[in-house]
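# Residue-level structure breakdown
Below are the chains, spelled out letter by letter.
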Amino acid sequence: MSEPILQVKNLCTSFIQEGGRELRAVDDLSYDVHEKECVAIIGESGSGKSVSAMSVLRLIPYPPGIIKSGEILYKGEDLLKASESRMEDIRGSKISMIFQEPSTSLNPVMTIGNQIMENIMLHTDLSKDDARKRAEELLTMVDIPNADVRLKDYPFQFSGGMQQRAMIAMAMCCNPDILICDEPTTALDVTVQAQVLEQLNNLREKYNTALIIITHNLGIVARYADTVKIMYGGRIIESGTADDVFENPQHPYTIGLIRAVPRLDLPRSRGLQTIPGEPPDMASVPANSCAFAARCKYACDECKTKRPEGEMISDTHYCACPRRELASEERKEVVVH
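Thresholds, definitions, all that
Residues numbered from 1 in each chain as written. Predicted model: local features only at pLDDT ≥ 70, side-chain atom pairs only at ≥ 80, totals over all residues. Heavy atoms only, no water. Pairing = 2+ DSSP bridges. Helix = DSSP H or I, 4+ residues; strand = E, 2+ residues; numbered from the N terminus. Contact = heavy atoms within 4.5 Å. Axes fitted to C-alpha atoms, helices over the stretch in contact; angles between N-to-C directions. Phe/Tyr/Trp six-rings, centres within 6.5 Å; stacked < 30°, edge-to-face > 60°. Buried < 20%, exposed > 50% of the residue type's maximum accessible area, 1.4 Å probe, protein only. Expected span 1.5 Å × (residues − 1). Polar contact = N/O pair within 3.5 Å; in protein donor to acceptor, adjacent residues only side chain to side chain. Core = buried A, V, L, I, M, F, W, Y, C linked by side-chain atoms within 4.5 Å. Parallel < 35°, antiparallel > 145°, perpendicular 65-115°, else oblique. Left-handed = near helix turned anticlockwise from the far one by under 90°. Salt bridge = Lys/Arg side-chain N within 4 Å of Asp/Glu carboxyl O.

## What to know about the sheet that holds strand β7 (residues 178-182)
- Here we have eight strands laid out as an open sheet, ordered β6-β7-β8-β3-β9-β10-β12-β11, and mixed in their pairing. If you trace the sheet from one side to the other, it starts and ends with β6 (95-98) and β11 (311-312), each paired once.
- Looking at chain direction, β11 and strand β12 (residues 318-319) are connected through two bridges and run antiparallel. When the bridges of β12 are listed, M312 appears paired with Y318.
- Relative to strand β8 (residues 210-215), helix α1 (residues 49-56) is tilted by about 145 degrees, and along the sheet it contacts β3 (38-42), β6, β7, β8 and β9 (227-232).
- Along the sheet, helix α11 (residues 252-259) contacts β3, β9 and β10 (235-241); its crossing angle with β9, the most-contacted strand, is approximately 105 degrees.

## Focus: the packing of aromatic side chains
- Evaluation of the coordinates by the stated rule reveals four aromatic pairs.
- Seen in terms of ring centroids, Y232 and F292 are 5.2 Å apart; in terms of plane orientation they differ by 85 degrees. Their pairing is edge-to-face. Within this pair, whereas Y232 is found in strand β9, its partner F292 is found in the loop between α11 and α12 (301-305), the two being separated by 60 residues in sequence.
- Taking relative accessible area as the criterion, Y232 reaches 4% and is therefore assigned buried.
- Note on F292: relative accessible area 5%, which makes it buried.
- Ring pairs connect the aromatic residues Y232, Y253 and F292, which therefore count as one cluster.

## Notes on the environment of V196
- As for its position among the elements, V196 is in helix α8 (residues 190-207).
- Considered as a pair, V196 and G161 are 35 residues apart in the sequence and their alpha carbons are 7.7 Å apart.
- What V196 contacts, discounting residues up to four positions off in sequence, is Q164, I168, P184 and L188.

## Re helix α7 (residues 160-171)
- Taking 1.5 Å of rise per residue, 12 residues should cover 16 Å, and α7 covers 17 Å from first to last C-alpha, within 8% of that figure.
- A large share of α7 lies buried, amounting to 11 of its 12 residues.

## Remarks on the side chain of R204
- Note on placement: R204 falls in helix α8.
- On the basis of relative accessibility, which here comes to 7%, the residue R204 falls in the buried class.
- Separated by 3.0 Å, the side chains of R204 and D226 make a polar contact.
- Setting aside its immediate chain neighbours within four residues, R204 contacts K36, E37, C38, T209, L211, Y224 and D226.

## A closer look at the nonpolar core
- Counting residues in each nonpolar core, the largest one holds 66 residues, and the members touching the most others are I116 and L200.
- The residues touching L200, leaving out its near neighbours within four places in the chain, are I98, I168, L179, C181, P184 and L211.
- The next biggest cluster of nonpolar side chains, apart from the first, holds 32 residues, and it includes L6, I90, I95 and M97.

## A closer look at the packing of helix α4 (residues 112-123) against α7
- Between α4 and α7, the least distance of the axes is 9 Å, while the angle of their chain directions is 20 degrees. Our classification of the angle between α4 and α7 gives roughly parallel. Crossing angle aside, the handedness with which α4 passes α7 is right-handed. Where α4 abuts α7, its residues I112, Q115, I116 and N119 lie against A166, A169 and M170.

## Examining the sheet that holds strand β5 (residues 77-78)
- In spatial order, the strands read β2-β1-β4-β5; together these four strands make up an open sheet with antiparallel pairing. Strand pairing shows two members of the sheet lacking a second neighbour, β2 (22-33) and β5, which therefore form its edges.
- Summarising the sheet, strand β4 (residues 65-74) and β5 pair through two bridges and their orientation is antiparallel. Within β5, the residue paired with L73 across the bridge is D78.

## Focus: the environment of E88
- Structurally, E88 can be placed in helix α2 (residues 84-90).
- Among the residues examined, E88 registers a relative accessible area of 46% and is labelled partly exposed.
- On a C-alpha basis, the gap between E88 and L57 in space is 9.3 Å, while along the polypeptide they are 31 residues apart.

## A closer look at the pattern of salt bridges
- This structure, assessed with the given rule, holds 19 salt bridges.
- Here K68 ties to E22 by a salt bridge, and the two come within 3.0 Å at their closest N and O atoms. With a gap of 46 residues between them, K68 in strand β4 and E22 in strand β2 connect regions that are remote in the sequence.
- Looking at K68, the relative accessible area reads 47%, which means it is partly exposed.
- D27 is the salt-bridge partner of R307, the closest N and O atoms lying 2.4 Å from each other. With R307 in the loop between α12 and β11 and D27 in strand β2, this pair connects stretches of sequence that are 280 residues apart.
- Looking at R307, the relative accessible area reads 22%, which means it is partly exposed.
- Each of R24, D27 and R307 takes part in salt bridges that share partners, so that together they form one network.

Set out below in structure tokens:
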């Protein structure tokens, strides 16, 4: 396999709360992304997914947030050591991001066309007329009809699905190497979700763009992801190919996530399955413990006093849980053959 286009190494991002309490939103996070690869980062709300993505682009607000340590290597260049002017060149040009809720990300007093053109003219030498033509091409590319007319519309004149497509067009205007999609299908109906995801996948194939999809929708992952990262308490606790994670889940948390997906092949008497408890307050969880211990029925005293060391189950499959073998019966239940 080729060298990774993005390497996140031992990243730690914290938020300092009142009284000086430190909330470890991202806690020793590491992963790689290769060209044209689709990487899915999965976890409940509060697991650190969005903060990790914002850290890659150095968009963490300071104060109260601070990237404490680690490396973020884009083609070998450490973005944490780059100047702000260099980061401005990279954002939107080399690494783009589609944020949650497009209705709050688009400027309500600027037309869709001007918002796309602004990014094009910032990162290229195109004239205003050429930038307008490029914006029209982009809207057409994401299947917005009458693109020449819709360029003049404001965000409120677009539906939720069309706003998300406009955000995709804006993010792809400079053919970035990496596109980070933070919950790209939030608040969209099922049909529109499928259309948006197909467009993202087509763009990946056409431009060799690597996708990082942040989600808790396992259906998205099963269909589109090459590599899956399960995130909890600011760390990757299991990773592997989509087949690794869905056909042979190892971590009790991963098994719990899969069990929570409603299934039509099981009797209604089974009911909906949940993971007991809530995501932890990372300002209170000891650094030398497993963040999932309080919710895990297999946890022992060691889990509460020692951070689990990960191990490679195969060449592609990683898990950080010393008690994973105890979950073998649950594993058999969730795997669909």
